[in-house]
Amino acid sequence: MTGREMDAESRFMELSVLTDVTADDELMKDEIFGPILPIVPVADMDGAIEFINQREKPLALYVFSRNSKFINHVIQNTSSGSVCANDTVMQHALETLPFGGVGASGFGAYHGQFTFETFSHRRACLVRKQAMEGINKRLRYPPYTDGKMNFTMRLLGKTPGARGSGKILLLVSAAVALLAVAAIFVRGDVAPLMKRFF
């Protein structure tokens, strides 16, 4: 261990580097907010990734390497609030990057537009006209007759034996049929079209 100098009166604590730390040590059971750096030896890169993934997701993950493939591998195989490669803390200073945790390290993020989005709620609103009930009664609502099922299957391109380009043609035909339904519906002449199928 290096760096043991501390002065409570001046609130000074020297950077402390701890070596040969194990996962079971008391120091590793909680977050560290202070100049304490535990060194946990691992066999290789995958061992380091496994060590990270066996614990709660960290607020920040720092990786140091000259190998960009190594850095990308760590990023793609871990989860954390943020990642900073070959530097520290700087990702929190950029307003163009969201700052926040994930899982046990927190929810949501802030900085610029991300703050607005975190504290805003996007309310989903669907408002349809009651005139659609004419189509709903004939297509969506029970009883589900063979005619309704066959018509729906044709719209979805699910006709038995339809493969490849044939299925594409069915989908195109379904799109044309929907446009026709919409056009007739706008004119208010829905019943004649429905009678052709049911």
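Residues numbered from 1 in each chain as written. Predicted model: local features only at pLDDT ≥ 70, side-chain atom pairs only at ≥ 80, totals over all residues. Heavy atoms only, no water.

## Observations concerning the overall build of the protein chain
Next, step 1: Each helix and strand in the protein chain was counted, giving eight helices and six strands.
Next, step 2: Walking the protein chain from its N terminus toward its C terminus, one meets helices and strands in the order β-β-β-β-α-β-α-β-α-α-α-α-α-α.
Next, step 3: Looking at the protein chain as a whole, 17% of its 198 residues are labelled buried.
Next, step 4: Taking contacts inside the protein chain between residues at least 6 apart in sequence as the whole, the part at least 24 apart equals 24%.
Next, step 5: For the protein chain, the exposed surface amounts to about 15,100 Å²; the carbon and sulfur share of it is 59%. (Helix = DSSP H or I, 4+ residues; strand = E, 2+ residues; numbered from the N terminus. Buried < 20%, exposed > 50% of the residue type's maximum accessible area, 1.4 Å probe, protein only. Contact = heavy atoms within 4.5 Å. Areas by Shrake-Rupley, 256 points an atom, 1.4 Å probe, with all protein chains shown as cover.)

## Let's talk about the side chain of Gln91
Next, step 1: Summarising the element assignment, Gln91 is placed in helix H3 (residues 90-93).
Next, step 2: In this structure the side chain of Gln91 is engaged in a polar contact, spanning 3.4 Å, whose partner is the side chain of His92.
Next, step 3: What Gln91 contacts, discounting residues up to four positions off in sequence, is Ala60, Tyr62, Ser82, Val83, Cys84 and Leu97. (Polar contact = N/O pair within 3.5 Å; in protein donor to acceptor, adjacent residues only side chain to side chain.)

## As for the pattern of salt bridges
Next, step 1: Under the criterion given, the structure shown has three salt bridges.
Next, step 2: Linking Glu26 and Lys29 is a salt bridge whose minimum nitrogen-to-oxygen distance equals 3.6 Å. Residues Glu26 and Lys29 agree in their burial class; the two are exposed.
Next, step 3: Residues Arg122 and Glu117 are paired through a salt bridge, measuring 3.7 Å at the closest nitrogen-oxygen approach.
Next, step 4: Residue classification places Glu117 among the partly exposed positions, given a relative accessible area of 37%. (Salt bridge = Lys/Arg side-chain N within 4 Å of Asp/Glu carboxyl O.)

## Examining the layout of surface pockets
Next, step 1: Quantified by volume, the largest pocket comes out at close to 1,800 Å³.
Next, step 2: Every residue lining the largest pocket is counted, 38 residues in all, and those nearest its centre are Met28, Pro38, Pro58, Ala60 and Tyr62.
Next, step 3: Counting only elements with at least two residues in the lining of the largest pocket, the list comes to strand S4 (36-38), helix H1 (45-53), strand S5 (61-63) and helix H2 (68-76).
Next, step 4: In terms of residue count, H1 provides more of the lining of the largest pocket than any other element does, five residues in total.
Next, step 5: Split into classes, the residues belonging to the lining of the largest pocket amount to 28 nonpolar, four polar and six charged. (1 Å grid on protein atoms, 1.4 Å probe; cavity = no way out; pocket = protein on both sides within 12 Å on 5 of 7 lines; lining within 4 Å. Points joined across faces, edges and corners; volume = space filled by probe spheres on them. Nonpolar A, V, L, I, M, F, W, Y, C, P; charged D, E, K, R; others polar.)

## Re the environment of Asp44
Next, step 1: Looking at the secondary structure, you find Asp44 in the loop between S4 and H1.
Next, step 2: A distance of 2.8 Å separates a polar atom in the side chain of Asp44 from the backbone nitrogen of Gly47.

## Let's talk about a nonpolar patch on the surface
Next, step 1: Where nonpolar side chains cluster on the molecular surface, the patch consists of Leu15, Leu37 and Ile39 and spans about 260 Å² of accessible area.
Next, step 2: On the accessibility criterion, Leu37 (44% relative accessible area) is partly exposed. (Patch = residues over 30% accessible without salt bridge, like charges linked within 9 Å, V, L, I, M, F, W, Y side chains within 5 Å.)

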